[in-house]
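# Secondary and tertiary structure notes
What follows is each chain in one-letter form.
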Amino acid sequence: MNGPGIVPPQPTDGTRTGLRVLFVLLAVLSCGMLAWAPLLRVALLRRRNAVDWVLCGASFVLTVVLLALLGNGGDSGDSGNSNSPRDNAVVSILVIQAIAVVVYYLVSDIRHFRAVDAQTASRAYGQQQFPYGAAQAQRQQVQPQVQQTQLPTPRADYNPYRDTPTSTPAPTAPVAPDPAATPIPGPAGPAAPRIDRVRAELDELSDYLRKEEGR
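Residues numbered from 1 in each chain as written. Predicted model: local features only at pLDDT ≥ 70, side-chain atom pairs only at ≥ 80, totals over all residues. Heavy atoms only, no water.

## Description of the pattern of salt bridges
Stated precisely, the cut-off is as follows: The working definition used for a salt bridge is a side-chain nitrogen of Lys or Arg within 4 Å of a carboxyl oxygen of Asp or Glu. Secondary structure elements are taken from DSSP: a helix is a run of H or I of four residues or more, a strand is a run of E of two residues or more, and numbering for both begins at the N terminus. The buried label applies to any residue whose accessible area, calculated with a 1.4 Å probe on protein chains only, is under 20% of its type's maximum; exposed applies above 50%, and partly exposed to all values in between.
Applying the stated criterion across every chain yields a total of 4 salt bridges. Measuring nitrogen to oxygen at the nearest pair gives 3.1 Å for the salt bridge that ties arginine 16 to aspartate 117. Linking arginine 16 in helix H1 (residues 13-29) with aspartate 117 in helix H4 (residues 85-128), this pair joins segments that are 101 residues apart in sequence. A relative accessible area of 7% means that arginine 16 is categorised as buried. Across the pair aspartate 109 and arginine 20 runs a salt bridge, and its minimum N-O distance is 2.5 Å.

## Considerations on the nonpolar core
As a reminder of what qualifies: Definition used in this section: a nonpolar core is a set of buried Ala, Val, Leu, Ile, Met, Phe, Trp, Tyr and Cys residues joined via side-chain atoms within 4.5 Å.
Listed in full, the 7 residues of the largest apolar core are Phe23, Val24, Ala27, Ala37, Val42, Val102 and Tyr105. By residue number, the principal contributor to this core is H1, which donates 3 residues.

## Side note on the confidence of the model for the chain
Detailed reading of the predicted coordinates is not advisable wherever pLDDT falls low. Which entries qualify depends on this criterion: For every residue, the predictor states its confidence as a pLDDT score lying anywhere from 0 to 100. Here, residues are in contact when the closest pair of their heavy atoms is within 4.5 Å.
Scored by pLDDT, the chain comes out at a mean of 74, with 56% of its residues at no less than 70. Residue range residues 1-5 is modelled with pLDDT below 50. Its contacts to residues more than four positions away, or to other chains, number 11 contacts. Between residues 76-80, whose pLDDT stays under 50, and residues either more than four places distant or in other chains, the model counts 3 contacts.

## Comments concerning the packing of H1 against helix H2 (residues 36-45)
This is how it is decided: Convention adopted: a line fitted to C-alpha atoms gives each axis, helices being fitted over their contacting stretch, and angles between N-to-C directions are expressed from 0 to 180 degrees. Side-chain classes follow a simple rule in which Ala, Val, Leu, Ile, Met, Phe, Trp, Tyr, Cys and Pro form the nonpolar group, Asp, Glu, Lys and Arg form the charged group, and the remainder, Gly included, forms the polar group.
Two elements in contact, H1 and H2, have axes whose closest approach is 7 Å; the angle formed by their N-to-C orientations is 145°. Of H2, the residues touching H1 (which contributes Leu19, Phe23, Leu26 and Ala27) are Ala37, Pro38 and Arg41. Grouping the amino acids of the contact of H1 with H2 by side-chain chemistry returns 6 nonpolar, no polar and 1 charged.

## Structural notes on helix H3 (residues 50-69)
How we decide: Multiplying 1.5 Å by the helix residue count minus one yields the expected span of that helix. By arc we mean the arc of the directions from the helix axis to the C-beta atoms, nothing more. Here a polar contact means two N or O atoms within 3.5 Å. Within protein one must be a hydrogen donor candidate and the other an acceptor candidate, and residues neighboring in sequence count only if both atoms are side-chain atoms.
Helix length check: H3, at 20 residues, gives a terminal C-alpha distance of 29 Å against a target of 28 Å (1.5 Å per residue), a fit within 8%. Every buried residue belonging to H3 is among Asp52, Cys56, Ser59, Thr63 and Leu66, and all of these are buried. An end-on view of H3 places all buried positions within 100° of arc, on one side of the element. For H3, the exposed residues lying more than 90 degrees away from the buried face are Ala50 and Val54. Here H3 starts with a cap whose side-chain oxygen sits 3.2 Å from the backbone nitrogen of valine 51, and that cap is asparagine 49.

## A short note on the packing of H2 against H3
The description of two packed helices rests on the angle between their axes and on the distance between the axes. This is how it is decided: For classification, angles of less than 35 degrees are called roughly parallel, those exceeding 145 degrees roughly antiparallel, those between 65 and 115 degrees roughly perpendicular, and all remaining angles oblique. Handedness of a helix crossing follows the sense of rotation of the near helix relative to the far helix, less than a right angle counterclockwise being left-handed and clockwise being right-handed.
Contact pair H2 / H3: the axes reach a minimum separation of 8 Å and the direction vectors enclose 165°. As summarised for this structure, H2 and H3 are arranged roughly antiparallel, according to the angle between their axes. As for how H2 packs across H3, the hand of that crossing is left-handed. The residues of H3 that touch H2, namely those facing Trp36, Leu39, Leu40, Val42, Ala43 and Leu44, are Asp52, Trp53, Leu55, Cys56, Ser59, Phe60 and Thr63.

This is the structure we're talking about:
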């Protein structure tokens, strides 16, 4: 994945302001004879805009023509004044051209650098968000691979009760009794004499009954 390009270095606000003042002074102090210089500056800033190059060329050609006409207007009729109406018109056109060029230059230069600043800020924001974008792209590449993994399709004659193997428990061997664990009967305790005594009493009772019957 390709990240955003490297942001080229841009002039600071002080440099921009200094250049604006410089080109404005060139157009104004030269009475419009260098009015094409600010237009050339705008054309170089916005190289893909053909209108700027056309305006710069037209301003340069107009300035050359006006300077050629300046001083060739003839005498005005007064010996102490060598300015003709043509010269006054040429100077007026040069001044108007200088004012129009200054306004156009300032508006174009400010708009251009505002767009550059906005583009630079968006690129810087994109560079900060680039790691997140890379991780998201990797997750998007992994998800189609997971979705392509499918379970095998069962056969048409598949019977889960017939085809599923059943596990038969293995027979368990009988456990032999442990002789050591079998209790051994011990000798008779005091209950044996008691039984003999009961037998003797029963015998005496039977003899007594016999004697009574014999009488």
